[in-house]
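What follows is the residue order along each chain.
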Amino acid sequence: MTERRLLLGNEAIARGLIENGCAIATAYPGTPSSEILAAVASFQKENNLSMHTQWAVNEKIALEIAYAGCQTGLRAAVAMKQVGLNVASDPLMSAAYMGTKGGFIVISADDPGPISSQTEQDSRLMAMMARIPVLDPSTPLQAKEMVALAYEISESFKTPVMLRPTTRVCHSRQDVALDKIQPNDREVNFEKDPTRWAATPRFRFHLHKEVEEKLAAIARHESTRPVRLNPDARASRAIISSGVAAAHTSEILKEMGLWQTIPFYQVLQPFPLHSEVITHWIDSYDEILVIEETMGVIEMQLADRHRVKGRSSHTVPAVGELYPEDIQEIIAKLWGVEFERQEIPFVAGRRPTLCAGCPHRASFFAIKKAARKGIYTSDIGCYTLGLNLGAVDTVLCMGAAISQAAGFYQAYKNDEKRPDIVATIGDSTFFHAGIPPLIDAVVQKVKFVLVILDNSTTAMTGSQPTPASGHGACGEPLEAVDIESLVRGCGVKYCKKGNPYQYKEFLDLMKDAVKYSRENGPAVVISRYPCVIDLARKGEITEHIPVEVTEDCDGCAYCVKQFECPALVYHEDEEKDEKHVSIDRILCTDCGVCLNVCPKGAIVTKK
Amino acid sequence: MNASVQQQVIISGVGGQGVLFVTRLLAEAAINKGLPVFTSETHGMAQRGGTVLSHFKVGEFSSPLIRPLQADILVLLKAENLKQHGPFLRADGWAVSNGARELNGDPHIAVETLDADILAHEIENPKAVNLIVLGFALATSEKIAADNKKLFCSVADIKHVLQKRFGKNEKMLKASLKALEAGYRV
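Residues numbered from 1 in each chain as written. Chains lettered and ligands numbered in written order. Predicted model: local features only at pLDDT ≥ 70, side-chain atom pairs only at ≥ 80, totals over all residues. Heavy atoms only, no water.

Asker: Just checking my understanding: could you explain helix H2 (residues 35-46) of chain A for this structure?
Answerer: For the α-helix, the turn length of 3.6 residues means that residues three or four positions removed from each other point alike. All names here are of chain A. A rise of 1.5 Å per residue sets the reference length of H2, with its 12 residues, at 16 Å; its end C-alpha atoms lie 16 Å apart and thus fit the reference within 8%. Taken together, the buried positions of H2 are Glu35, Ile36, Leu37, Ala39, Val40, Ala41, Phe43 and Gln44. On its buried face, H2 is in contact with strand E1 (4-8), helix H1 (9-19), strand E2 (22-27), strand E3 (52-55), strand E4 (75-81) and strand E5 (104-109). One or two positions beyond H2, positive phi appears at Asn48, with a value near 55 degrees. (Helix = DSSP H or I, 4+ residues; strand = E, 2+ residues; numbered from the N terminus. Expected span 1.5 Å × (residues − 1). Buried < 20%, exposed > 50% of the residue type's maximum accessible area, 1.4 Å probe, protein only. Contact = heavy atoms within 4.5 Å.)

Spelled out as C-alpha cells, the structure:
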C-alpha cells in the first residue's frame, strides 16, 4: 500500500520535485514559500539522494544557479515568494528567451490578503510578462501533481515553467499519497551554443520569435486543457476558476445544490490560456463568471468583454483574498439564490509583536534614546515590528533601509534641522540586498548609522541559515562569511559590535556611533545576540535575570508603550481607580533588559 | 465512526500557544483512521504574537477553509478570541475555551470553559495550555448525546498520535500525556 502522509502544500511541492528527479533545488526564504526547500532537504536526507539543495543569498542568485543546472540537461527548480520574484525578475526575463534543456520550474508563492507580504501582486502577470507558462494548483495534492506536469511542459517546449501556489495552498495540510522517487541518473552535459546561451540582441530577436511560437503551441497542448469538473451540468452561464478559488467554488456549488446546474471549469494553466477552449467558451455561453486570485489573468484573455464577469466588471472584488464566503456571495447574487452573509468581525487588539526577550527590542529602545527625533529607516524581517515601538518609520523592500537612509540624508543635507538617521537591517537581509547600497553610502559620504541586527538566523521565515552560519540547508558544513569584514570591505571606517542585552554599554555605543556619523559619514553598529526562538529550540537560553514590578509602579504605561514587551501586561481597574503593570511569567524569558526601562525604577531584579 | 465523517473544526489562539500543534494532532488522528483531511494555518509575520486561526476539516472537502456558520466545533485557546471567531460556529455546534469563567460573547453559543493557564501552572508546564484544552475538548465531546456531533476522534486516538510522535523522547511524551490528561479529567 502506498504511504499516505499529512503534507503541507509546500512539502507536497517538495515531494513532487523529489519524485520527479529534480537535481538542483535552490531558494531564498519568504512566507509563504519557505518550507519548500526545507522539505526538499528533509526528503533528500530521508531517501539518501545525491542532489544539490541550497539556500542562496537572494532570489536572483538562487534562480541563476538553478537555471545553469537546467542548461546542463538536469532537472532544476527555484522557490521564492512573490516579492522575491521581483528580485529574480532580471534573470527570469532573459531565461525565458534562452529557453531550457533540462526541465526548469520557477516556484513563486503568492500571498493574497496580503497575510505576510508587502504586496498582493500576482506572479501569473510576471509569467505573462516573461512569456512563460504558469500553473495554478488548488490543493497540496494538485501542487505535487503539477510539479510533474511542469517538468513535462518545460522539457517538451524548452521553456521555464512557473508554478504559482498561493498561501492557502502552501499552508494547507492534506493527506497525500507518496509516489515512487524517480532516480536522478541523467548525464550532465552542457552543450555550447553561444547564439542561444550568450545571445546578442540580433539573436534575441529570433529567440523572442521562438518564445511566441512556443506559447502558441503550449496554448494548444492537451495536458493543460482546462478541466470540466461537472460534465452533466447544462446552462447558458458558466463559472471558470483556478487555484484555491476553484477548490472553494467546487465545495460551495455542491453545498448550494448548483453542482448539476452550473457548468464549472478549472483552469490548470492560466497563461497561456488554452486557445480552443477560449473559443468553445465564448461560443457556448452567454455569460461567464471568472473567479481567480489575485488579478484577472484568465479574464483578460477572454476576448468578449461584454459577456465576461470578473474583476474588470467589479463582480469580483479588486483587492484582498477571496474567502469562500466571498465566492458564495458572488455566485448567490448572480444566480439569484438567497444568501445572508455572516460577517467575521474585525477585532482590533492583538497585533504581531516582537517576542518577549527579543534582542531587537533592546536595540530599538537604545536607538530611540541615542537618536531622538531621528528618521528610522528599516527593512524586511521580524524587526519591521520595531514600528510598534516607534523605532521604524519606513519599510520599502529588501535592502532599502540603507538606500533610503542615503536618500533622506541627501534630501535633508542642506537643511538646518537635519535629523539623525538610523537604518536597521537584519543579518540575512543585509547579505541579501544590503551590500551594494552600503558601498553607495560610503562613496557618497552619507551621514547615518546602520545598525545590523544580527540574530544569527533568518528568524521571521523559520530560522533558515544565513551566509554567516557556516552550514547549509541539509545541515552540511559550509564556509561562513563574517559580517564585520564585509562591512569594512565596503569601505566603512567605523564598525563596532555590541550586545543589546548589555543595555547600558550598548546605549553608549549607539550614542558614540550617532555622534561619529554626524561629523564623518557612515557608522555601522553590529548588534549581536541570537534569536530567542532559535535559542529556545536548541535549549540554549542562558540569561536568567528574573524581574518583578514593585509597588512604585504608578501605571504610567511608559514601558508598555515605549518598550512594548508582550510579557509586560498593563491592568486598569476603573472602579477602584487602579492601574499597574505586571509580568506575564509564561511569556517572560528572564532577559532582564526591562530593568533599564522604567522611569520610576519600579521594575527590579526579583529576589 | 465511519467513512462518512464530515466535520469542520476551528482552533483559535495567539502566536506561541501551539494552535498549529493541536491541529496537527487532530490531522494525524484522521490519517490514522484513513480519513481525508485538510487543515489551514497562519505563518510568518502573522505568527508573531498575533491571533492565530487554524481550520481543520475531516471528510470529503475540496477547500481548506471553513466559512462562517459552518464549523461544527470551536476550540479556543484564548477566551478573548470568542468575539472574533465565534461566528464560524454553526447554530447547533459546540465550543470549548480556555478561560476563568462564563464568557461574555455571543449568547447563542454555549461555551464550556476551563482555566488551562492555571492548570498548566499546576502541572508545571506553562507551554501545555494547548494540550490541556484539547483534553478538555475530548472530554466535552464524550458528554454530547448525539453521536454525529461528537469529535471524530477520542482521547485514545490522540494519545496514540502523541506516542507515535514522541515515542523516542520519553520526557516529552510523558509531559504531553500529563497535560492532555489534566484537561481531560477536569
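Asker: Which parts of the structure should I look at to understand the domain arrangement of chain A?
Answerer: Quite often, the size of an interface is put as the accessible area lost when its parts meet. Residues and elements named next belong to chain A. Each assigned domain of chain A is listed here: domain 1 (4-218), domain 2 (224-334), domain 3 (359-538) and domain 4 (547-605). The C-alpha-based centres of domain 1 and domain 3 are spaced at 32 Å. At the interface, 17 residues of domain 1 touch 16 residues of domain 3. Across the domain 1/domain 3 interface, buried area totals approximately 1200 Å², and carbon plus sulfur atoms make up 63% of it. (Domains from an automatic or database assignment. Buried area = accessible area lost by both parts, 1.4 Å probe.)

Asker: What's the story with the interface of chain A and chain B in this structure? I'm lost.
Answerer: Facing 45 residues of chain A, the contacting portion of chain B comprises 39 residues. Both faces considered, chain A and chain B share a buried interface measuring about 3800 Å² in area, 58% of it formed by carbon and sulfur atoms. Summed over the shared surface of chain A and chain B, the result is two salt bridges. Among the salt bridges present, the one from A:Glu255 reaches B:Arg67, with a minimum N-O distance of 2.8 Å. One can count 10 residue pairs in polar contact (both at pLDDT 80 or more) joining chain A with chain B. Elements represented by at least two residues in the side of chain A that touches chain B include exactly E1, strand E8 (172-177), helix H11 (243-255) and helix H14 (324-334) of chain A. Considering each element in turn, the side of chain A that touches chain B owes the most residues, seven residues, to H11(A). Looking at the side of chain A that touches chain B residue by residue, the classes come out as 20 nonpolar, 12 polar and 13 charged. Relative to strand E2 (residues 37-40) of chain B, E8(A) runs antiparallel, the two being bridged by three bridges. Its bridge partner lying in E2(B), A:Ser172 is registered against B:Ser40. (Salt bridge = Lys/Arg side-chain N within 4 Å of Asp/Glu carboxyl O. Polar contact = N/O pair within 3.5 Å; in protein donor to acceptor, adjacent residues only side chain to side chain. Nonpolar A, V, L, I, M, F, W, Y, C, P; charged D, E, K, R; others polar. Pairing = 2+ DSSP bridges.)

Asker: Please clarify how the pairing of strand E3 (residues 51-58) of chain B should be interpreted in this entry.
Answerer: Walk down a regular strand and you will see the side chains alternate between the two sheet faces. All names here are of chain B. Within E3, seven of the eight residues are buried, which leaves the element mostly enclosed by the surrounding structure. Here strand E1 (residues 7-14) runs beside E3; their pairing, made up of eight bridges, is antiparallel. The partner of Val9 across the bridge, within E3, is Phe56.

Asker: Just checking my understanding: could you explain the packing of aromatic side chains for this structure?
Answerer: Remark: the centre distance and the inter-plane angle together describe each pair of aromatic rings, the angle taken between the planes. All names here are of chain A. All chains considered together, the criterion is met by 13 aromatic pairs over all chains. Between the aromatic rings of Trp259 and Phe264, the centroid separation amounts to 6.1 Å while the plane-to-plane angle is 65 degrees, which identifies the pairing as edge-to-face. Following the ring pairs from residue to residue traces out a cluster consisting of Phe365, Tyr503, Tyr558 and Phe563. Stacked on the ring of Trp335, the Lys or Arg Arg237 has its end atom at 4.5 Å from the ring centre. The cationic tip of Arg361 hangs over the ring face of Phe563; the distance from NZ or CZ to the ring centre is 5.7 Å. (Phe/Tyr/Trp six-rings, centres within 6.5 Å; stacked < 30°, edge-to-face > 60°. Lys NZ or Arg CZ within 6 Å of the ring centre and 35° of its normal.)

Asker: What is the right way to read the pattern of salt bridges from this model?
Answerer: Working definition: two side chains of opposite charge can pair if their charged atoms are close together. All names here are of chain A. Under the defined criterion, the tally for this structure stands at 44 salt bridges over all chains. A salt bridge links Arg124 to Asp136, with the nearest nitrogen and oxygen atoms 3.4 Å apart. A residue pair is termed long-range when its members are at least 10 positions apart, and Arg124 in helix H6 (residues 123-130) and Asp136 in the loop between strand E6 (134-135) and helix H7 (140-157) qualify at 12 residues. Across the pair Arg528 and Asp454 runs a salt bridge, and its minimum N-O distance is 2.7 Å. Taken together, the positions of Arg528 in strand E19 (residues 523-528) and Asp454 in strand E17 (residues 449-454) put the pair 74 residues apart, joining distant regions of the chain. Here Asp454 falls in the buried class, since its relative accessible area comes to 6%.

Asker: It is not clear to me how the nonpolar core should be interpreted in this structure. Could you clarify?
Answerer: Nonpolar side chains tend to gather and get buried jointly when the protein is soluble and globular. With 81 residues, the main nonpolar core has A:Phe430, A:Leu438, A:Phe448, A:Leu450 and A:Met510 as its most contacted residues. Here this core takes seven residues from helix H19 (residues 503-520) of chain A, the largest share from any one element. Both domain 3 (359-538) and domain 4 (547-605) of chain A contribute no fewer than three residues apiece to this core. Setting aside residues no more than four positions away along its own chain, A:Phe448 makes contact with A:Ile402, A:Ala405, A:Ile421, A:Ala423, A:Leu438, A:Ala441, A:Ser517, A:Gly521, A:Pro522 and A:Ala523. B:Ala29, B:Ile73, B:Ala116 and B:Ala182 belong to the second-largest nonpolar core, a separate cluster that totals 53 residues. (Core = buried A, V, L, I, M, F, W, Y, C linked by side-chain atoms within 4.5 Å.)

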